[in-house]
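A structural walkthrough
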Amino acid sequence: MTVLSKKPADLAIEARWIIPVRPERTYLENQTVLIDQDRIVAIGSMDQLENEFEIQKKIYLKDHALIPGLINTHSHVGMTLFRGIADDVPLMKWLNDYIWPAEKALISERFVQDSSLLGCAEMLAGGVTTFNDMYFFPDGAADAVKIAGIRAYLGMVVLEFATPYARDAEDYIQKGLTLRDRFRADALIRFNFAPHAPYTVSDQTFEKIMTYAEQLNLGIHTHLHETADELDVSLSQYGARPIHRLAHLGVLGPNLLAAHCVHMNDQDIQALAYHGVSVAHCVSSNLKLASGIAPIRQMMAAGINVALGTDSAASNNRQDIFSELRMAALLSQGVTGIAGSIDAWQAIEMATLHGAKAIGAEHEIGSIEPGKFADLVAIRLNDLEVMPYFDPVSHVVYTLGREQVSHVWVGGDLRFTRSDIQSGVFANIEPSELREIVLKWQPKLNPYKR
Ligand SMILES: [Zn+2]
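Residues numbered from 1 in each chain as written. Predicted model: local features only at pLDDT ≥ 70, side-chain atom pairs only at ≥ 80, totals over all residues. Heavy atoms only, no water.

**Thoughts on the overall build of the protein**
Note the threshold: Numbered from the N terminus, helices here are DSSP runs of H or I no shorter than four residues, and strands are runs of E no shorter than two. Based on C-alpha atoms, the radius of gyration is set beside the globule rule, defined as 2.2 Å times the residue count to the power 0.38. Using a 1.4 Å probe on the protein chains alone, a residue whose accessible area is under 20% of its type maximum counts as buried, one over 50% counts as exposed, and one in between counts as partly exposed. The contact criterion used is simple: two residues touch if any of their non-hydrogen atoms lie within 4.5 Å. The method behind every accessible area is Shrake-Rupley, applied with a 1.4 Å probe, and residues are considered shielded solely by the protein chains displayed. All tallies of charge rest on Lys and Arg as positive and Asp and Glu as negative; His and the ends of each chain are not included. In this description, the location of a charge corresponds to atom NZ of lysine, CZ of arginine, CG of aspartate or CD of glutamate.
The helix and strand inventory of the protein stands at 16 helices and 16 strands. Taking 450 residues into account, the globule formula puts the C-alpha radius of gyration at 22 Å, and the protein, at 22 Å, falls close to it. Projected onto its principal axes, the C-alpha positions of the protein cover 75 × 50 × 50 Å. Here the protein, with 450 residues, has 59% of them falling under the buried criterion. Long-range contacts, defined here as pairs at least 24 residues apart, represent 72% of the contacts in the protein between residues at least 6 apart. Accessible surface, the protein: about 17900 Å² in total, of which carbon and sulfur atoms supply 51%. Side-chain charges in the protein split into 39 positive and 54 negative, and the spacing between the mean points of these groups amounts to 3 Å.

**As for the nonpolar core**
Side chains that are nonpolar tend, in soluble globular proteins, to be buried together. Note the following rule: Side-chain atoms within 4.5 Å link the members of a nonpolar core, which is a set of buried Ala, Val, Leu, Ile, Met, Phe, Trp, Tyr and Cys residues.
The biggest cluster of nonpolar side chains holds 124 residues, and the ones touching the most others in it are Phe82, Trp94, Phe131, Phe136, Phe193, Leu272 and Met299. The element that contributes the greatest number of residues to this core is helix α3 (residues 109-125), accounting for nine residues. With residues up to four places along the chain from it excluded, the contact list for phenylalanine 136 reads Glu103, Ile107, Val112, Val157, Leu159, Thr163, Tyr165 and Tyr172. Leu11, Ile13, Leu376 and Ala378 belong to the second largest nonpolar core, which has 15 residues in total.

**Here we look at the coordination of the zinc ion**
Worth spelling out the cut-off: Nitrogen, oxygen and sulfur within 2.8 Å of a metal are treated as its donors, or within 3.2 Å for sodium, potassium and calcium (Na, K, Ca); water is not counted, so a site can appear incomplete.
For the zinc ion, the protein coordination sphere consists of His74 (NE2), His76 (NE2), His223 (NE2) and Asp311 (OD), at 2.1 to 2.3 Å. We note that the donor set of the zinc ion lies within a single chain, spaced as H-x1-H-x146-H-x87-D. Here the residue histidine 76 occupies a position in the loop between β5 (70-75) and α2 (91-106), and histidine 223 occupies one in strand β9 (residues 220-224), the gap between them amounting to 147 residues. Taken as a pair, histidine 76 and histidine 223 share a single burial class, namely buried.

**Here we look at the packing of helix α12 (residues 321-336) against helix α13 (residues 344-351)**
The packing of two helices is summarised by the inter-axis angle and the distance between the axes. Applicable threshold: Think of each axis as a best-fit line through the C-alpha atoms, taken over the contacting stretch in the case of a helix, with angles from 0 to 180 degrees between the N-to-C directions. With respect to orientation, any angle under 35 degrees is reported as roughly parallel, any angle over 145 as roughly antiparallel, any angle of 65 to 115 as roughly perpendicular, and every other angle as oblique. Left-handed describes a crossing whose near helix is turned anticlockwise from the far helix through less than a right angle; right-handed describes the clockwise counterpart.
Direction vectors running N to C along α12 and α13 enclose 140 degrees, while the axes themselves pass 9 Å from each other. Overall, the two elements α12 and α13 adopt an arrangement that is oblique. Along this stretch, α12 crosses α13, giving a crossing that reads as right-handed. Residues Ile321, Leu325, Ala328 and Ala329 of α12 form the contact with α13, whose participating residues are Ala347, Met350 and Ala351.

**Focus on a nonpolar patch on the surface**
Stated formally: Candidate patch residues must exceed 30% relative accessible area and have no salt bridge, after which like charges are joined if within 9 Å and Val, Leu, Ile, Met, Phe, Trp or Tyr side chains if within 5 Å. Salt bridges are counted wherever a side-chain nitrogen of Lys or Arg sits within 4 Å of a carboxyl oxygen of Asp or Glu.
A surface patch of nonpolar side chains, about 300 Å² in accessible area, is lined by Leu287, Ile293, Met327 and Val335. With respect to the helices and strands, the residue methionine 327 is situated in helix α12.

**Looking at the environment of leucine 117**
Among the structural elements, leucine 117 can be located in helix α3. With 205 residues separating them along the chain, leucine 117 and phenylalanine 322 place their C-alpha atoms 20 Å apart.

**Concerning the state of the cysteines**
Note the threshold: In this description, a disulfide is simply a cysteine sulfur pair whose atoms lie within 2.5 Å.
Evaluated as defined, the whole model comprises zero disulfides. Free of any disulfide, cysteine 120 has its nearest neighbouring cysteine sulfur in cysteine 282, separated by 17 Å. Note on cysteine 261: no disulfide assigned, nearest cysteine sulfur contributed by cysteine 282 at a separation of 9.3 Å. Cysteine 261 sits in the buried class, given a relative accessible area of 0%.

**Some thoughts on the sheet that holds strand β15 (residues 413-417)**
Our working rule: Being paired, for any two strands, means DSSP has found at least two bridges between them.
The strand order β3-β2-β1-β4-β13-β14-β15-β16 describes an open sheet built from eight strands, whose pairing is mixed. The sheet terminates laterally at β3 (39-44) and β16 (425-426), the two strands that pair on one side only. One ladder, built from ten bridges, connects strand β1 (residues 7-18) with strand β4 (residues 53-68); its direction is parallel. Opposite proline 8, over in β4, you have glutamate 54 as the bridge partner.

**Digging into the side chain of serine 75**
Worth spelling out the cut-off: The term polar contact refers here to a pair of N or O atoms within 3.5 Å; inside protein, the definition further demands a hydrogen-donor-capable atom paired with an acceptor-capable atom, and it admits residues adjacent in sequence only when both atoms are side-chain atoms.
As for its placement among the helices and strands, serine 75 is situated in strand β5. Overall, serine 75 belongs to the buried group, its relative accessible area being 0%. Only 2.6 Å separates the side chain of serine 75 from the side chain of aspartate 133, close enough to count as a polar contact. Excluding anything up to four places from it in sequence, serine 75 contacts Phe131, Asn132, Asp133, Met134, Thr310 and Asp311.

**What to know about the layout of surface pockets**
To keep it simple, the criterion reads: Using a 1 Å grid laid over the protein atoms alone, points where a 1.4 Å probe fits but cannot get out form a cavity; open sets with protein on both sides within 12 Å along at least 5 of 7 lines form a pocket; any residue with an atom within 4 Å of a point counts as lining. Grid points are joined across faces, edges and corners, and a volume is the space filled by probe spheres set on the points. Gly is placed with the polar residues, together with every amino acid not listed as nonpolar (Ala, Val, Leu, Ile, Met, Phe, Trp, Tyr, Cys and Pro) or charged (Asp, Glu, Lys and Arg).
Its boundaries defined by the atoms lining it, the largest pocket holds a volume of some 570 Å³. The dominant element in the lining of the largest pocket, judged by the number of residues it contributes, is strand β8 (residues 189-195), at four residues. Looking at the lining of the largest pocket, its residues break down into 14 nonpolar, eleven polar and seven charged.

**Quick look at the packing of aromatic side chains**
Under the convention used in this document: Geometry of aromatic contacts follows a simple scheme: Phe, Tyr and Trp rings, the Trp one being its six-membered ring, pair when their centres are within 6.5 Å, and the pair is stacked under 30 degrees between planes, edge-to-face over 60, tilted otherwise. Two thresholds decide whether a charge sits over a ring: the Lys NZ or Arg CZ must be within 6 Å of the ring centre and within 35 degrees of the ring normal.
Applying the stated criterion across every chain yields a total of nine aromatic pairs. When the centroid spacing of 6.3 Å and the interplanar angle of 75 degrees are considered together, the rings of tryptophan 100 and phenylalanine 161 count as edge-to-face. Taken together, the positions of tryptophan 100 in helix α2 and phenylalanine 161 in the loop between β7 (151-158) and α5 (169-182) put the pair 61 residues apart, joining distant regions of the chain. With a relative accessible area of 29%, tryptophan 100 lands in the partly exposed category. Both rings, one in phenylalanine 111 and one in tryptophan 441, keep their centres 4.9 Å apart while their planes meet at 85 degrees; by these two values the pair is edge-to-face. Highlighted residues: phenylalanine 111 in helix α3 and tryptophan 441 in helix α16 (residues 431-445), separated in sequence by 330 residues. Of the aromatic side chains, those joined through ring pairs into one cluster are Phe82, Phe111 and Trp441. In this structure, arginine 151 is placed above the aromatic ring of phenylalanine 373, and the distance from its NZ or CZ to the ring centre is 4.0 Å. Positioned over the ring face of tyrosine 165 is lysine 175, at 6.0 Å from the centre of the ring.

**Some remarks on the pairing of strand β6 (residues 128-134)**
Worth spelling out the cut-off: The crossover handedness rule: strands pointing away from the viewer, path from first strand over the helix to second strand clockwise, crossover right-handed.
Counting buried residues in β6 gives seven out of seven residues, a clear majority hidden from the surface. Bridge count between β6 and β7: five bridges; the pairing is parallel. For aspartate 133, the partnering residue across the bridge sits in β7 and is leucine 154. Handedness of the crossover is the feature at issue here: the chain leaves β6, passes through helix α4 (residues 138-148), returns alongside β7, and the resulting connection is right-handed.

**Thoughts on the pairing of β9**
Among the five residues in β9, five count as buried, and that is most of the element. A two-sided burial pattern is seen for β9, the buried positions comprising Ile220, Thr222 and Leu224 on one face and His221 and His223 on the other.

Functional significance is not addressed by these values, which are geometric in nature.
And the structure:
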């Protein structure tokens with residue numbers, strides 16, 4: 001006689017709507033996502049899954065949409081305490097007169113850890129389950145990531161000049177590699193190289209980073225073509241636009257994620273498309289610092305993978321991917337004069353699977369598919385201010401905000417919950433304690449504000 005035993009599963013989440021992102025342009029109604037340990041194991045009806053699996057816990061989300069965790073592909077989470085320090089000034093003045101002096105005086109591993117914890121709390125509560133970061137003292141960011149239980153790709157940041165974090169390019173690289181060794185076996189933290197920008201990194205250092213990145217099979221994350229000024233400086237210093245300089249150095253490739261790409265001519269776009277470079281579109285930051293508007297429709301038409309990034313809380317001032325995806329879709333329609341030039345579906349893809357691809361993680365995150373990490377976000381659709389609803393995809397992009405996020409799972413672990421009548425609850429962060437930490441820093445930040 002054969003005894004049919006059911007397979008074990010930890011959690012089943014049934015939702016009114018599921019937007020799995022793959023297959024494309026599809027949503028499911030009244031279906032269930034089944035999770036065991038940190039992975040999605042199946043998608044189907046609850047009845048079907050109950051026949052096949054011994055399910056430990058079931059959650060029914062009657063008025064919700066379940067989406068993949070959002071991916072923020074360009075952040076500086078250690079700058080979260082600089083939020084609002086200097087608004088309404090252009091990039092170079094913002095850096096020279098406010099941000100760099102404040103960083104010189106204040107940043108330390110402690111500052112970055114406190115700042116990063118605040119940023120991680122903000123992102124988790126806004127449905128971001130993975131962020132790709134670049135900042136000094138990534139050790140502090142790593143510690144905050146472990147407390148919050150969010151997924152992070154931390155940049156081993158490299159510049160030529162000295163900061164409180166490191167002396168020179170070689171020192172930055174070695175500090176980054178040492179930290180990477182410390183977290184080598186970590187489930188949530190991965191690393192890539194983050195040469196800050198073409199205007200702060202020499203040819204020789206780019207070449208050194210390329211060698212390490214190839215040997216260690218790591219991605220590269222940099223700022224690129226953010227301002228018109230950056231192009232002028234590059235033309236006078238190197239006789240080439242930054243993209244062409246990096247192409248010549250062999251930096252352009254599928255493992256490169258370029259943040260911004262605002263000032264782009266046809267040859268720039270063709271070069272990124274040809275080499276398979278991904279772009280982190282940071283629309284709010286580019287608007288706030290008056291840098292311009294990236295031509296994302298043209299870039300996507302050329303085949304470039306375009307994802308979304310918030311940039312820092314000092315230049316946005318929200319680390320909120322819901323507001324970025326809405327802004328990206330609306331602005332593209334406004335500047336092109338074409339309704340649906342970036343439609344709601346494409347905006348969701350930019351915030352999820354395109355983000356995963358940009359950081360080399362498309363086989364692990366970015367869609368709700370069996371085998372991927374259970375990084376999931378539930379959003380309430382029946383709050384009065386967002387009713388009624390018809391198409392869940394367009395509702396997510398044009399109507400909902402991060403305040404409708406009700407549940408956030410990272411690798412199958414519930415990291416944040418919020419009902420409509422109470423403030424949010426984190427698994428490992430006590431909001432009142434975090435508020436005290438922020439208030440402790442605020443007087444120290446005051447001398448540097450605009
Ligand atoms: Zn940036």
